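# Examination of the molecular architecture
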Amino acid sequence: MTPAPRLHGIVVALALLGVLSHGAAHAQSTHYLLQWGSYGTAAGQFHTPEGVAVDSAGDVFVVDRDNDRVQKFGRYGAFVKQWGSAGTAAGQFSIPWGIAVDATGDVYVADLGNCRIQKFDNDGNYLGQWGSAGVNPGQFNYCYGIVVDGSGRIYVADGYDRIQVFTLAGTWLGMWGTSGSGGGQFLTPTDVAADNAGNVYVTDFGNNRVEKFTSSGTYLAQWGGYGSGAGQFNGPIGIAADSAGVIYVSEQSGSRVQAFDRAGTWLALVGGYGAGDGQFNNAYGVTTGANGLVYVADTGNSRIEMFGPLAAGVAPVAAADAPAFDAPWPNPAQGATRLRFTLAAGGDLDLAIFSIAGQRVRQLARGH
């Protein structure tokens, strides 16, 4: 029997977005919504969930790496179907890793152990493949992350410390990158993301940083460095960009997800090590879906976790302005839920209420 998703909130999820103080540096927040999965081989269970992708209908595709399969779920974790098995034949996998979905709903899987990309329709029917082991254009030394941009170009993070670019049919278009720690170089690029402004972002795992490029591979910027502080990384392994330009980076050893703007400015931290709601034991794949929902492959806990949208334009809550709550809290609750906030002189309150689907239900504000 497929395990049901665990919901954090039945009717609505309330998120405190922040208390605005004049002159404060901007920060942002997100909130845990639900999870699904457990360890095993049955439908809806996982053995090392790796990559995760969402299609335009909101369905979620998960690479179940050590079960050598792809599983498809509804937006809230209801199992739909699965495909794949261990092997080298068409439709089989050997250490599948990354996954992406194009605008038509076709699914692309980076079949790492077989050094190839496989293409399927939205129901898992095999459509084609390209790639083999090697150093030539179109060949791979382990293919890790994969993404499709808004123009229909496919970017693949190749273990030869380069990014390769293809059409949706697998025709090779170009590549960039070499081994090293300079700008535009990599030490094991593990994932790649593309925003709607034509920028491409790569998790440079061995250098503990994110690098930013144009769609043609021109180096633009980088941020990160080894550590556990805000904006630092301990094994950046997954990356995704949402429609608002927020860049999410998951950390394998750091067991957390950090959010940045397109320029690399730190915005928010999600998670931390553990097995509780909103925590991770090695966060691997990350992706975004409709309404800004964020999905994370919590690999060590054999589950997928879903978070609400990151709210824009919100400042941090200063210690002196910390909000106080009247019970009952947290939501949901029977009857009225009361929230009481203490503001510093001249402060503003910005509170948004989200549905469990991540849709903004109501916006409340008080300004001075």
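Throughout what follows, the structure given in this document is the object of discussion. (Residues numbered from 1 in each chain as written. Predicted model: local features only at pLDDT ≥ 70, side-chain atom pairs only at ≥ 80, totals over all residues. Heavy atoms only, no water.)

### Comments concerning the overall build of the protein chain
What the protein chain contains, in helices and strands, is zero helices and 29 strands. The buried share among the 368 residues of the protein chain stands at 54%. With an accessible surface of roughly 14,300 Å², the protein chain has 52% of that area assigned to carbon and sulfur atoms. (Helix = DSSP H or I, 4+ residues; strand = E, 2+ residues; numbered from the N terminus. Buried < 20%, exposed > 50% of the residue type's maximum accessible area, 1.4 Å probe, protein only. Areas by Shrake-Rupley, 256 points an atom, 1.4 Å probe, with all protein chains shown as cover.)

### Considering the packing of aromatic side chains
Scanning all chains against the criterion turns up 22 aromatic pairs. The interplanar angle of 45 degrees and the centroid separation of 5.5 Å between the aromatic rings of tryptophan 83 and phenylalanine 120 together place this pair among those described as tilted. Taken together, the positions of tryptophan 83 in strand S8 (residues 79-83) and phenylalanine 120 in strand S11 (residues 116-120) put the pair 37 residues apart, joining distant regions of the chain. Taking relative accessible area as the criterion, tryptophan 83 reaches 8% and is therefore assigned buried. Phenylalanine 120 sits in the buried class, given a relative accessible area of 1%. One aromatic cluster in this structure is built from Trp36, Phe46, Phe73, Phe79 and Tyr295. (Phe/Tyr/Trp six-rings, centres within 6.5 Å; stacked < 30°, edge-to-face > 60°.)

### Notes on the nonpolar core
Among the nonpolar cores identified, the biggest contains 17 residues, and Trp97, Tyr155, Ile163, Trp176, Phe186, Val192 and Val202 are the most heavily contacted of them. When contributions to this core are tallied by element, the ones reaching two or more residues are strand S13 (143-148), strand S14 (154-158), strand S15 (162-166), strand S17 (189-194) and strand S18 (199-204). If we ignore the near neighbours within four places in the chain, the residues touching valine 192 are Gly145, Ile146, Val147, Tyr155, Ala157, Val200, Tyr201, Val202 and Ile239. (Core = buried A, V, L, I, M, F, W, Y, C linked by side-chain atoms within 4.5 Å. Contact = heavy atoms within 4.5 Å.)

### Thoughts on the sheet that holds S13
One open sheet holds the four strands; their spatial order is S13-S14-S15-S16, and the pairing between them is antiparallel. Across the chains shown, the open sheet's two edge strands, defined by having one partner strand only, are S13 and strand S16 (172-176). In this sheet, adjacent strand axes meet at a mean angle of 20 degrees when their direction is disregarded. Where S15 lies against S16, four bridges are found, and the strand directions are antiparallel. Counted as the bridge partner of glutamine 164 is methionine 175 from S16. (Pairing = 2+ DSSP bridges. Axes fitted to C-alpha atoms, helices over the stretch in contact; angles between N-to-C directions.)

### Re the state of the cysteines
Applying the stated criterion across every chain yields a total of zero disulfides. Cysteine 115 forms no disulfide, and the closest cysteine sulfur to it belongs to cysteine 143, at a distance of 6.1 Å. For cysteine 115, a relative accessible area of 8% gives the class buried. Exposure remark for cysteine 143: the relative accessible area of 0% places this residue in the buried category. (Disulfide = S-S within 2.5 Å.)

### Digging into the pattern of salt bridges
With the rule as written, the count across this model stands at 14 salt bridges. Between aspartate 123 and lysine 72 there is a salt bridge whose closest N-O contact spans 3.9 Å. Residue aspartate 123 is found in the loop between S11 and strand S12 (126-130), and its partner lysine 72 is found in strand S7 (residues 69-73); the two are separated by 51 residues along the sequence. Each of Glu50, Arg65 and Asp66 takes part in salt bridges that share partners, so that together they form one network. (Salt bridge = Lys/Arg side-chain N within 4 Å of Asp/Glu carboxyl O.)

### Notes on the sheet that holds strand S10 (residues 107-111)
On the basis of which strands lie adjacent, the open sheet formed by four strands has the order S9-S10-S11-S12 and antiparallel pairing. What marks the edges here is a single partner per strand, and that holds for strand S9 (96-101) and S12. This sheet shows a mean twist of 20 degrees between the axes of neighbouring strands, independent of strand direction. Judged from the four bridges that link them, S11 and S12 form a sheet pairing that is antiparallel. Across the sheet, the residue bridging to glutamine 118 is glutamine 129, located in S12.

### What about the pairing of strand S21 (residues 236-241)?
The side chains of a regular strand alternate between the sheet's two faces. With respect to burial, S21 is a largely interior element, six of its six residues being buried. Alignment of S21 against strand S22 (residues 247-251), held across five bridges, turns out to be antiparallel. Residue pairing for S22: alanine 240 is matched across the bridge by tyrosine 248. In sequence, S21 turns back onto S22 through a hairpin of five residues, with glycine 245 there showing a positive phi of about 85 degrees.

### Details of the pairing of S17
Among the six residues that make up S17, six are buried, leaving the element largely enclosed by the rest of the structure. With five bridges joining them, S17 and S18 adopt antiparallel strand pairing. Each residue of the ladder has a partner; that of alanine 194, found in S18, is valine 200. Linkage of S17 to S18, two consecutive antiparallel strands, is achieved through a turn of four residues, within which glycine 198 is found at a positive phi near 90 degrees.

Everything listed here is a matter of geometry and, on its own, says nothing about what the molecule does.
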